[in-house]
Amino acid sequence: MRTMTFRDALNEAIHEEMARDDRVFLIGEDIATHGGNLAVTKGIPEAFPDRIRETPISEAAIVGIAVGAALAGMRPVAEVMYIDFVTIAMDEVVNQAAKMRYMTGGQASVPMVLRLPCGLARYSAAQHCQALESWFMHVPGLHVVVPSTPRDAKGLFPTAVREPDPVLFLEYKRIYSLEGEVPEAVEPIPLGAADIKREGEDVTVVAVGPMVSKALEAAVLLEDEGIDIEVVDPRSLSPLDVDTLVASARRTGRAIICAEDALMAGCTAEIACAVSERCFTDLAAPVKRLAALDVPVPYSPPLADKVVPSVEQVVQTVKDVMDEG
Amino acid sequence: MEPAPEQLKEMYRTMWRIRLFEEEANRQQAFGNVQGSFHMYIGEEAVAVGFCAHLRSDDYIVGTHRSHGHFIAKGGRIERMMAELFGREGGICRGKGGSMHVADFSVGMLGANGIVGGGFGPATGAALASQLRGDDRVTVCFFGDGAMQRGTFHEAINIGAIWNLPVIYVCENNQYQQWIPQRRMTKVTSVRDMAPSYGIPGESVDGQDVLAVSEVASRAIDRARTGGGPTLIECVTYRFHGHSPGDLQEYRDKEEVEYWRTERDPIQLLRTYLIERQQLGEDEDAAIRAAATVEIESAVAFAEASAFPPDEEIVTDVYVDAAAAS
């Protein structure tokens, strides 16, 4: 099977969706120049010159315009250059996009994708490296999608575009260059369908976004010590496929939840709670969480690298829950 | 070009429908049938009516928190809006939106908005949709003088200008930002004076004079429809009532309010104009008001006859109903 990077898989998915549906258009800052700020939209301006709109530095307008175009029947794919800048468009995301269908009693539909590059990369410090998925999980009316592999990016993007409600598509910058197998044709992956990335018997490791690769690396190290972990990737955080996560935790009897957003009220909190509520008495040990430190991301590379959980921490946390029961 | 007498009478009729709708809704608020935040448009009717008179049913408008008038002027279903204010399942938003979120997508009314300045982006986006599709719809974005100080004003109008979008930004300058006079919050009180900084035409018009509004509206809408891009328009108007129910209005002189109510009432100004030109007789005037009264009464009856939404409605319309959509 062919392999490609996450970035190229996503680029291919964007091409295909734009070719399939002429209501799809791209809007954002610097998206047509040099293939986009993070080189995800390479080739799009040449293929679809009339459906790519470069904007001034106006995040509130980018998202607000996407909402209006969606209300009027288009399928906008808006990019906010870094998720950190979505703070400037929070009214448009939270009060406008998320609530339109409900407030209008079902008259309105906002079929909009908001592409949000996020997480650590290139040591760009506290205002360019955040992971904010839990903010949006908290808002009814939004979908939150976090692909972890090139194949999932290729399969989740068309679903996001075709979804009649707003989808926040979180792209962890550190995995843009991740290579993986991607079939020539990928069926769209439904939202709310977790994926078991590795089957195992001893501990369920729920891993979000870039933590999936780290959990798979940890699995190899743990294998040497006779511990067999199951790696489960929720793929979308809203909707959240609680059934699959719970079924896995019940089977292994132990669960840890890993993500790169901050520990306090982060996505790991919701997942850990959902699992515990459903299968507390089936577990041999309490559910543990592994998340980013509750700090702004520092600039200094050795410090920045310690903010998010490492492979070693996954290994250690798995051993801890094994020791507990 | 001055509108034909029939067109003027239609505007007159619509202004009465807005006024009587709101007077009745205000009464119903006192009875407790209408709850929550509720902002009256009375005094500003000529703006919505003057603009919407030149719009087609498939054109778009985006409203504000004070949008009953926009809804009616665009042709929204009045009995469904009354039922919405009553919180009933027959409401235009099935009772889930209320006064600040009235919308009627069947006539291009894309929604009131509870966030001041929240409409600039969506209106600009609707206009972008028209441009991308190559259709000739236009979008009118109504906003208040308070919204001029939002960042969204600048961000959206700048983009509307650089992309030459078919959108008209209409400031209903009622001179008060909730309780504060506009002049205390900005040194530039007219958006007309801001238009040159975006490189687009600006106009200022007497918002109580529906003929004047209509003329400016007609020009701007034609320009937008034929590829001429956006216009930024100030309509100087006045809010006859307070910001919302319970507003004691100690921030403005009673004489000022009285002056606008007696001398600058847009309905009376048009009425005088039509009568002086013998385009409206007393009988016809009475008939127009009587018909509007009957329409409002039947809207109240419709609202009263509609049930409150069933409990199951709480969780519907958060996302599309996948079963129903397929």
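Because the structure is a prediction, the values reported are computed rather than measured.

As a further point, take the interface of chain A and chain B. The partner chain B presents 37 residues to the 42 residues of chain A that form the contact. The largest share of the area that chain A buries against chain B comes from Arg53, Tyr102 and Gln107 of chain A, three residues that together contribute 22% of it. Here chain A and chain B share zero salt bridges between them. Run the count over chain A and chain B and you get 14 residue pairs in polar contact (both at pLDDT 80 or more). Counting residues per element, the ones that place at least two in the side of chain A that touches chain B are β2 (24-28), β3 (52-54), α3 (59-71), α4 (90-97) and α5 (100-103) of chain A. Considering every element that reaches the side of chain A that touches chain B, the biggest residue donor is α3 of chain A, with nine residues. Residues belonging to the side of chain A that touches chain B are distributed by class as follows: 20 nonpolar, 14 polar and eight charged.

Judged by nonpolar contacts, the single largest core of 123 residues is most densely connected at Leu114 of chain A together with Phe143, Phe153 and Leu232 of chain B. Tallying contributions element by element places α3 of chain A first for this core, with nine residues. Counting only domains with at least three residues in this core, you end up with domain 1 (3-181) and domain 2 (195-324) of chain A. Look past the residues within four positions of phenylalanine 153 of chain B in its chain and what remains in contact with it is Phe120, Phe143, Ala147, Met148, Val191, Met194, Tyr198 and Leu232 of chain B.

All names here are of chain B. Position of aspartate 222 among the secondary structure elements: in helix α8 (residues 210-225). Assessed through its relative accessible area of 45%, aspartate 222 is described here as partly exposed. Between the C-alpha atoms of aspartate 222 and cysteine 171, which are 51 residues apart in sequence, the distance is 18 Å.

Attention now moves to the sheet that holds strand β3 (residues 167-173) of chain B. Residue and element names in this part refer to chain B. The five strands are arranged β1-β2-β3-β7-β6 in an open sheet whose pairing can be described as parallel. Each edge of the sheet is formed by a strand with only one pairing partner; in this case those strands are β1 (60-62) and β6 (202-206). Geometrically, the sheet is characterised by an average inter-axis angle of 20° between neighbouring strands, direction not taken into account. Pairing between β1 and strand β2 (residues 139-144): three bridges, direction parallel. Within β2, the position partnered with isoleucine 61 by the bridge is valine 140. The sheet strands contacting helix α5 (residues 120-133) are β1, β2 and β3, and the helix crosses β2 at an angle near 170°. Sheet strands touched by helix α6 (residues 151-162): β2, β3 and β7 (231-236). Its angle to β3, the strand with the most contacts, is close to 145°.

Next up on the list: the domain arrangement of chain A. All names here are of chain A. Split into domains, chain A comes out as domain 1 (3-181) and domain 2 (195-324). Computed over C-alpha atoms only, the centres of domain 1 and domain 2 are separated by 26 Å. With 23 residues of domain 1 in contact, the opposing surface of domain 2 contributes 26 residues. Counting the surface lost from both domain 1 and domain 2, the interface buries some 2,000 Å², and carbon and sulfur atoms represent 64% of this. Considering only the surface of domain 1 that becomes buried against domain 2, Leu120, Tyr123 and Met137 emerge as the three largest contributors, covering 30% of it. As a salt-bridge pair, arginine 174 and aspartate 305 come within 3.0 Å of each other at their nearest N and O atoms. The interface formed by domain 1 and domain 2 contains eleven residue pairs in polar contact (both at pLDDT 80 or more). The set of elements that each furnish at least two residues to the side of domain 1 that touches domain 2 consists of α6 (133-137), β6 (143-145) and α7 (150-162). Grouping the constituent residues of the side of domain 1 that touches domain 2 by class yields 16 nonpolar, four polar and three charged.

Criteria and thresholds
Residues numbered from 1 in each chain as written. Chains lettered and ligands numbered in written order. Predicted model: local features only at pLDDT ≥ 70, side-chain atom pairs only at ≥ 80, totals over all residues. Heavy atoms only, no water. Contact = heavy atoms within 4.5 Å. Buried area = accessible area lost by both parts, 1.4 Å probe. Salt bridge = Lys/Arg side-chain N within 4 Å of Asp/Glu carboxyl O. Polar contact = N/O pair within 3.5 Å; in protein donor to acceptor, adjacent residues only side chain to side chain. Helix = DSSP H or I, 4+ residues; strand = E, 2+ residues; numbered from the N terminus. Nonpolar A, V, L, I, M, F, W, Y, C, P; charged D, E, K, R; others polar. Core = buried A, V, L, I, M, F, W, Y, C linked by side-chain atoms within 4.5 Å. Buried < 20%, exposed > 50% of the residue type's maximum accessible area, 1.4 Å probe, protein only. Domains from an automatic or database assignment. Pairing = 2+ DSSP bridges. Axes fitted to C-alpha atoms, helices over the stretch in contact; angles between N-to-C directions.

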